[in-house]
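Coordinates in review
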Amino acid sequence: GEAAMPTSDSILALIVNGEALGRGVSMYDPQSSLPLPHITLLHGFVDLTSEESRQLAISTTEDAIRKAVTVDDDCSLFIEKRSFDIFEHTNLTTLVCLPYVNSCKGTWLMRLYQTLKAHFPNCQEQQSRFATGWTPHISLGTFGSSDQCRDRLSEILELSNLSKVPGKVIQALSIGIFRRSMDDGKFHAVKTLPLIPFAASAIIHRPLSDLFWKDAGQTWPSFSKGRAVVIKNELELASRYVVSCLNQDKKCNLKACVELYGSEALGASLPTSDLDTVVILQSTSHEDDVILRHHSGFLKALSDRLAYLYDTAKIRTKISNAGGVAMFVLTVVLALEMPSVDVVLCKVDSTGACCDRPSQMAFDSVMETRDITDILQAMSVTT
């Protein structure tokens, strides 16, 4: 760590629960080069171009986490109405959330940052960017005017109910190491690390009855969710890249997003659970509906893109017969120690209707998960 020189093509980030403020509040900047809910810890970070440098960065980061964070830390942050701020630049305005780090909810984060800084002494850009030193913040969006930014802030305060409640707690999920891809300029995951080091691997070797021990049960759900957030983001970036190439080739304007469903989306996953995802490919016009219905190479192109980004990825395509419907499933393991991910495609036309039976089944799986989530949330409010 001490000899490592910084580069703007890598970043070390704290992944946070982007759903903490409620549905409809996206806790990230979709235009960012790292479009997921996060707090930047070190950027530039160290060079990650070789396997040796990646492993050194991972082991050094793990050592810093081990020294800074204990099982007694709840790894959460507190925000309230006053936690939001607007940064005005020459042509743009940025909305940010500044969690409290000097309260009992945030001291662990300052301890972690100071330890990381000692382990990577050359990575000081975040320290020097602000007059008061490192300022942990979550970027929520970039806008063309301050009025647009303030409108979005008002919307967030309304949707999150922060205008009426004292504040909310945001859970930190994991730490991610990311490397920039030169062709799309986005940061892609190299590794996700639990905040309580090695707890996840410890859980795997325990009987299920022991899953809720203090050092495991509090850590695994957060780490699992953090890992899922990162993997979902990787799939979304790759899907959007494939769609951008398709749009350019076919002169159309299709959109793509990724939805989780199943046990991970419900917060009920185990260490051996796979991730279930749906790529929703949507048309925006009647003209594009024809292109969407006849296009058959999306999953193959997505497979090629992921293989390009992850040279150690294991990817295969299978046909699953569910309810008498043949569905193509892309099964992906992006890297060692990452969970297996099943990816299915859902084509939705400009009217909002699914284009075929496999798409309808995939769409129904997402909606069923949402319905169950809503029921569980309603039950938690009433109890």
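Residues numbered from 1 in each chain as written. Predicted model: local features only at pLDDT ≥ 70, side-chain atom pairs only at ≥ 80, totals over all residues. Heavy atoms only, no water.

1. Re the pattern of salt bridges
Counted by the stated rule, this structure contains 16 salt bridges. Between Arg66 and Asp63 there is a salt bridge; the shortest N-O distance is 2.9 Å. Separated by 3 residues within a single helix, Arg66 and Asp63 lie in helix α1 (residues 51–68), roughly one turn from each other. Since its relative accessible area comes to 22%, Asp63 is described here as partly exposed. Here Asp184 and Arg305 are joined by a salt bridge, their closest N and O atoms 3.3 Å apart. Taken as a pair, Asp184 in the loop between β9 (168–180) and β10 (187–193) and Arg305 in helix α9 (residues 298–309) lie far apart in primary sequence, 121 residues in all. A residue is classified by how much of its surface remains accessible, and Arg305, at 5% relative accessible area, is buried. The network of salt bridges with shared partners includes Asp63, Arg66 and Lys67. (Salt bridge = Lys/Arg side-chain N within 4 Å of Asp/Glu carboxyl O. Helix = DSSP H or I, 4+ residues; strand = E, 2+ residues; numbered from the N terminus. Buried < 20%, exposed > 50% of the residue type's maximum accessible area, 1.4 Å probe, protein only.)

2. Digging into the sheet that holds strand β15 (residues 341–348)
One open sheet accounts for 5 strands, arranged β11-β12-β15-β14-β13; its pairing is mixed. Among the strands making up the open sheet, the edge pair consists of β11 (255–261) and β13 (314–322). Each neighbouring strand pair of the sheet contributes to a mean axis angle of 30°, computed without reference to strand direction. Pairing of strand β14 (residues 325–333) with β15, which is carried by 3 bridges, proceeds in the antiparallel orientation. For Val332, the partnering residue across the bridge sits in β15 and is Val341. (Pairing = 2+ DSSP bridges. Axes fitted to C-alpha atoms, helices over the stretch in contact; angles between N-to-C directions.)

3. What to know about helix α4 (residues 146–160)
Under the 1.5 Å per step criterion, the end-to-end length of α4 is 21 Å for 15 residues, consistent within 8% with the ideal 21 Å. Listed in full, the buried residues belonging to α4 are Cys149, Arg152, Leu153, Ile156, Leu157 and Ser160. Along the long axis of α4, the arc covered by the buried residues comes to 140°, so they all point the same way. Facing away from the buried surface of α4 by more than 90 degrees, the exposed residues are Asp147, Asp151 and Glu158. Turning to α4, the residues buried within the fold contact β6 (84–88), β7 (93–97), β8 (138–143) and β9. Taken from the residues just after α4, Asn161 is the one with a positive phi, measuring 70°. (Expected span 1.5 Å × (residues − 1). Arc of directions from axis to C-beta. Contact = heavy atoms within 4.5 Å.)

4. Looking at the confidence of the model for the protein
Summary statistics for the protein give a mean pLDDT of 86 and a share of 89% for residues scoring 70 or more. Low pLDDT, under 50, characterises residues 198–218; the stretch is placed with 25 contacts to residues that sit more than four places away or in other chains. (pLDDT = per-residue confidence, 0-100.)

5. Looking at the nonpolar core
In terms of nonpolar packing, the biggest core is built from 51 residues, with Leu14, Phe45, Phe84, Trp108, Leu109 and Leu112 touching the most fellow members. Not counting residues up to four positions away in its chain, the partners in contact with Phe45 are Met5, Pro6, Thr7, Ser10, Ile11, Leu12, Ala57, Thr61, Phe120, Cys123 and Ile177. Grouped together as the second largest cluster of nonpolar side chains are 38 residues, Val258, Leu260, Leu302 and Leu330 included. (Core = buried A, V, L, I, M, F, W, Y, C linked by side-chain atoms within 4.5 Å.)

6. Remarks on unusual backbone geometry
Following His43, the chain continues to Gly44 via a peptide bond in cis, the omega torsion being 5°. Considering the arrangement of structural elements, one finds Gly44 in the loop between β3 (38–42) and β4 (45–46). At Cys75, a residue that is not glycine, the phi angle is positive and equals roughly 55°. Summarising the element assignment, Cys75 is placed in the loop between α1 and β5 (76–79).

7. Description of helix α8 (residues 286–294)
Among the residues making up α8, those that are buried are Asp288, Asp289 and Leu292. End-on, the buried residues of α8 take up no more than an arc of 115°, which puts them together on one face. Projecting away from the buried face of α8 at angles above 90 degrees are the exposed residues Glu287 and His294. Here the buried face of α8 lies against β12 (275–282) and β15.

8. Thoughts on the sheet that holds β7
Read from one edge to the other, the open sheet built from 3 strands follows the order β6-β7-β8, with strand pairing classed as antiparallel. Unpaired on one side and paired on the other, β6 and β8 mark the two borders of the sheet. Neighbour-to-neighbour, the strand axes of this sheet turn through a mean angle of 25°, independent of strand direction. Two elements, β6 and β7, share 5 bridges in a ladder whose sense is antiparallel. Bridge pairing links Phe84 to Cys97 in β7.

9. Section: the pairing of β13
By the bridge criterion, 9 bridges tie β13 to β14 in an arrangement that is antiparallel. Among the inter-strand pairings, Ile315 is bridged to a residue of β14, identified as Val332. Where β13 folds back onto β14 in an antiparallel hairpin, the turn is made up of 2 residues, including Gly323, whose phi is positive at roughly 60°.

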